[in-house]
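# Secondary and tertiary structure notes
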Amino acid sequence: MLRGRESDQRAIDVLLDQARDGRSGVLVIKGEPGIGKTSLLAYAEERAGDMEVLRGLGIETEADIPYASLHLLLRGGLDRLGALPEPQAAALAGALGLAPARADDRFHVGVAVLSLLAELAEERPLLCLVDDAHWLDQASARALRFAAHRLHAEGVVLLFGARDGFDPAGLPERRLAGLDDRSAAQVLADAAPELTGATRLKIIKEGAGNPLALLELPRTADLPAYDHSPLPLPERLRLAYAARVGRLPQDARTALLVTALADGGDLDVITNACAALGIEPAALGAAERSGLVRIAGRHVSFAHPLMRAAVFQLSTYDLRLEAHRILAGLLAGQPDRRAWHLAAAATGPDETAARALEETAHRARARGANVSASAAFERAAELSEDSELKGRRLLSAAVDATEEGRLQRAQHLIDAATALVPDASARATLPTLRARIAFGQGAPRRAHELLLKGAADVAGDDRAAAALMLVEAARNANRLGDADGLVEAAARLRALDLRPEDDLDLARQAALGSASLLTDGPAAALPIMRELVARGSRITPEMHSRRINASYFALQVGDFQAAGEIARAAADECRANGEISKLAVLHITLATSEIFLGRFTDATATASEGLRLTAETGRPSRAGCMQGMLAWIAAVRGEAGRCAELAAASHAHYDANGIVNGLAWAQWAQALLDLGQGRFAEALDRLEAAMAGPVRHQFQAVHFAPDQIEAAARLGLPADGALHRYESWARASGLAWAEAVLHRCLALLEPDGDRAHDHFRAAVRLHTGAGHPWEAARTALVYGERLRRDRHKSAARAHLRAALETFERLDARPWAERARSELRAAGDTALSAVAAEARSAASPQGVLSPQELQIVRLAAAGRTNKEIGARLFLSPKTVSYHLYRAFPKLNVTSRAQLAGLELG
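Note that the structure is predicted; figures quoted are calculated from it, not measured.

Reading the values: rules and limits
Residues numbered from 1 in each chain as written. Predicted model: local features only at pLDDT ≥ 70, side-chain atom pairs only at ≥ 80, totals over all residues. Heavy atoms only, no water. Helix = DSSP H or I, 4+ residues; strand = E, 2+ residues; numbered from the N terminus. Rg over C-alpha atoms; globule rule 2.2 N^0.38 Å. Buried < 20%, exposed > 50% of the residue type's maximum accessible area, 1.4 Å probe, protein only. Contact = heavy atoms within 4.5 Å. Core = buried A, V, L, I, M, F, W, Y, C linked by side-chain atoms within 4.5 Å. Pairing = 2+ DSSP bridges. Right-handed = clockwise from strand over helix to strand, strands pointing away. Axes fitted to C-alpha atoms, helices over the stretch in contact; angles between N-to-C directions. Parallel < 35°, antiparallel > 145°, perpendicular 65-115°, else oblique. Left-handed = near helix turned anticlockwise from the far one by under 90°. Nonpolar A, V, L, I, M, F, W, Y, C, P; charged D, E, K, R; others polar.

Okay, the overall build of the protein next. Scanning the protein for helices and strands turns up 48 helices and 7 strands. By the compact-globule yardstick of 29 Å for 904 residues, the protein fits well, its C-alpha radius of gyration being 32 Å. With the principal axes as the frame, the protein shows a C-alpha extent of 105 × 70 × 55 Å. When burial is assessed residue by residue, the protein has 56% of its 904 residues classed as buried. Long-range contacts, defined as pairs at least 24 residues apart, comprise 66% of the intrachain contacts of the protein with a sequence gap of at least 6.

Right, here's the structure in full:
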């Protein structure tokens, strides 16, 4: 019976009941050792009834073995692996060692775990229990967290029991406090009814509400020693266990040590190792009877993790070495476990163990388990006899630590490797790694200097390596809005004089094009960029980073159609291949192109999914841009509170990492909100402030220049700087829609009525068929306003109606209201607000959430729930849930009816 945990039990009951109704739930139960986490997981299993149950465990000695804990959890359900989409099945099989390892995206396994859990829950609800989650290997933890975030309507409950070492990454948590005195007294009475009153009070005080302490302290022979102990409670419990272990015969203690050292608790391995040490099976039986271990089937486990520490403490060094050597011999068929036992048995440099660990590290890296790879490379370096090998292994460990974001550890490894790496090619890696660490730690200027110096140091031996560093320096400077840094990196890159046929030529031209935009202006830079877009459109799928560059430069030249097409094709391939980590950056380009093409609902869906992916894949540097774009769309729609919240979040990301792209969107969004609501002075102040900071070098500065011009014109102020900025870009772009916007700006600033009308008419003509409805509607609105003021009301109404229709379709509410007010002033009373709102609400896109819209579109295209789930990294049941919610909103009852809807 659990005492004092009624509210925690109720929380678990709610999750189980929801699962029986087809909903999923996740809970991380956290607390100190012995506080009751395992007991609550056992309670959940007891209450599960006819639910399917999977049990997993984090094991301290397996924390460096990739996917060891995941295999333990899923082993009972791996017979359903064949039901998964083939790429997911292959990724999961490779991760679990059931097939050759694949060079998959490291989050692909998490998608496969989600699909497998959903598959296992098809017939009946599923309960997954993961105890000691703080000892999960990082690859397993990452996969389970990813799946947990995406559980929704599968009927799965996932419970973690963990100490504070486990990062829940935003999952729901419940922290267990100590029991109150009344509940503690009940626990003690249940466990030791024979205790006297004084002793009972002493144990209640010393136990501090920890249930395990209340159970174990009465068993301790030297109970008075706890009266004034300064030790923390877990240490007291470990000593209590040590006392129990110390009372066992030596053979039983040796059997416990083998159990503590044997990864996974395999009974056959443990008994064979005991036999090699001359220990009879009866010794393990004695350990079981003591209550320290449990034997279930072919598996041996400790009753509590602190027992493992107590056993280890009471063993001798020589005996531990011998046990590790024996276990290494028994695990020849499990090379990763064998390698770690060889390393544990080594007493000095040991190249055999070092090579085994290096092979383990390469296998871990191939499976996307960079933390495990780094640990194996580092231990291999410690065991290396040759100093050059030691340096290379330390450098490899640093690479994996950096990849996983463990920057302080990576810095330590680089410092240790620097003096041991003799050849130029290996040394060329050092400045790049140091720069990545500096950038990640919020020191971008330091990162830039490291790359420039590193390039200068290696240019004589390896021009390609130097060029890569300079390209990276230019890219970082561009992300930070550091014009001087970009220009300097480009100048040094130009001086390297790389051959055009070099593989680096595209990246080199990208850096030079970006710098040329700053130094020579759009007329010189845009032709270079257009060539990069054309070349990027011909790039094969495996050249992923080059396609990202091409789509980025398509944005720069204003070819948003091409930018979207390149990014969408690359994103489709990433989805098909499960390359989730690459999607977030593509979502930035894709959402940007959708915004400029006036597809605001699509952009919302894209940016919202991108924001989820940045959280789930640990890419916070990209979140600020997604939030900035969502703030911009909120501004268009007049959602002041949401705009302010998203802009503030984007600002916070800029403060943390200095990346300017998101800040540019956020500042523009707040100005656009003011402009849409007629606060022209506030809008102008915001945009001028933006131009005083690093945003002035971002491409958004070109595109908010027309807003700056409109605000200034409304206030009767000049806007020479903004006009020059936009005009030079628009003329160089050669794009009809850009020329149309330029004519609108000239019309707004033109005091002469006839000349202003000429510009407006040119703008309207150029907008026709140009595919930028937002800009066309903005032009129609200001032209209609001008015509009305000039008493051409009949002509004004035609333009104002066109603007109103587009603004309503785009859900641009403040702008629609402006157009509606102007129409009323122009004598058109036929368009009532009620009728306009009814037309707006009738749009299928307007009634669906971003995710529902994605799912409905795919369903309308004939995709099955399983295919949609695989594409969007959702379970088929979650897809079904969203369709169930979407159908009533769309007034349809079947998938067949979706094909007749206008879904964009």
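Moving on, we get to the nonpolar core. Trp632, Trp665, Leu672, Tyr726, Trp774 and Phe807 are the most contacted members of the largest nonpolar core, which has 98 residues in total. Broken down by element, this core gets its largest block of residues, 11 residues, from helix α34 (residues 660-676). Apart from the residues lying within four places of it in its own chain, the contact partners of Phe807 are Trp774, Ala777, Arg778, Leu781, Ala812, Trp815, Ala816 and Ala819. Judged by nonpolar contacts, the second largest core, of 47 residues, contains Leu179, Leu212, Leu257 and Phe302.

Judged by how many residues are buried, strand β3 (residues 126-131) sits mostly within the fold: 6 of 6 residues are covered. On β3, burial covers both faces: Leu126, Cys128 and Val130 on one face and Leu127, Leu129 and Asp131 on the other are all buried. In the sheet, strand β2 (residues 52-57) pairs with β3 via 6 bridges, with the strands oriented parallel. Bridged to Arg55 within β3 is Leu129. Each parallel crossover has a hand, and for β3 linked through helix α6 (residues 138-150) to strand β4 (residues 156-162) it is right-handed.

Bringing the packing of α6 against helix α31 (residues 600-616) into the picture now. At a closest axis distance of 10 Å, the pairing of α6 and α31 adopts a crossing angle of 150°. Accordingly, the angle class assigned to the pair α6 and α31 is roughly antiparallel. Here the hand of the crossing between α6 and α31 comes out right-handed. Mapping the contact onto sequence places Phe146, His149 and Arg150 in α6 and Arg612, Leu613 and Glu616 in α31. For the contact of α6 with α31, the residue count by class is 2 nonpolar, 1 polar and 3 charged.

Within the secondary structure, Arg818 is located in helix α43 (residues 813-825). In this structure Arg818 comes out as buried when scored by relative accessible area, which is 14%. With residues up to four places along the chain from it excluded, the contact list for Arg818 reads Leu675, Gly676, Glu710, Arg714, Leu781 and Glu785.

Moving on, we get to the packing of helix α33 (residues 640-657) against α34. Interaxial distance between α33 and α34 falls to 8 Å at its minimum, and their mutual angle equals 155°. With respect to α34, the axis of α33 lies roughly antiparallel. As α33 runs across α34, the sense of the crossing is left-handed. Counted together, Ala640, Cys643, Ala647, Ser650, His651 and Tyr654 of α33 and Val660, Gly662, Leu663, Ala666, Gln667, Ala669, Gln670 and Leu673 of α34 form the full contact between these two elements. In terms of residue class, the contact of α33 with α34 is built from 9 nonpolar, 5 polar and no charged.

Our focus in this paragraph is the environment of Leu214. Within the fold, Leu214 resides in helix α9 (residues 211-216). For the pair formed by Leu214 and Gly4, sequence separation is 210 residues and the distance between their alpha carbons is 13 Å. Leaving out residues up to four positions away in the same chain, Leu214 has contacts with Leu179, Ala184, Val187, Leu188, Ile203, Ile204 and Gly207.

All right, on to the pairing of strand β7 (residues 299-302) then. On a regular strand, each side chain points to the face opposite its neighbour's, so the side chains alternate between the two faces of the sheet. Burial along β7 is one-sided: Val300 and Phe302 are buried, and none of His299 and Ser301, which face the opposite way, are. Bridge analysis of strand β6 (residues 293-296) against β7 gives 4 bridges, and the strand direction is antiparallel. Bridge assignment links Ala296 to a residue of β7, and that residue is His299.

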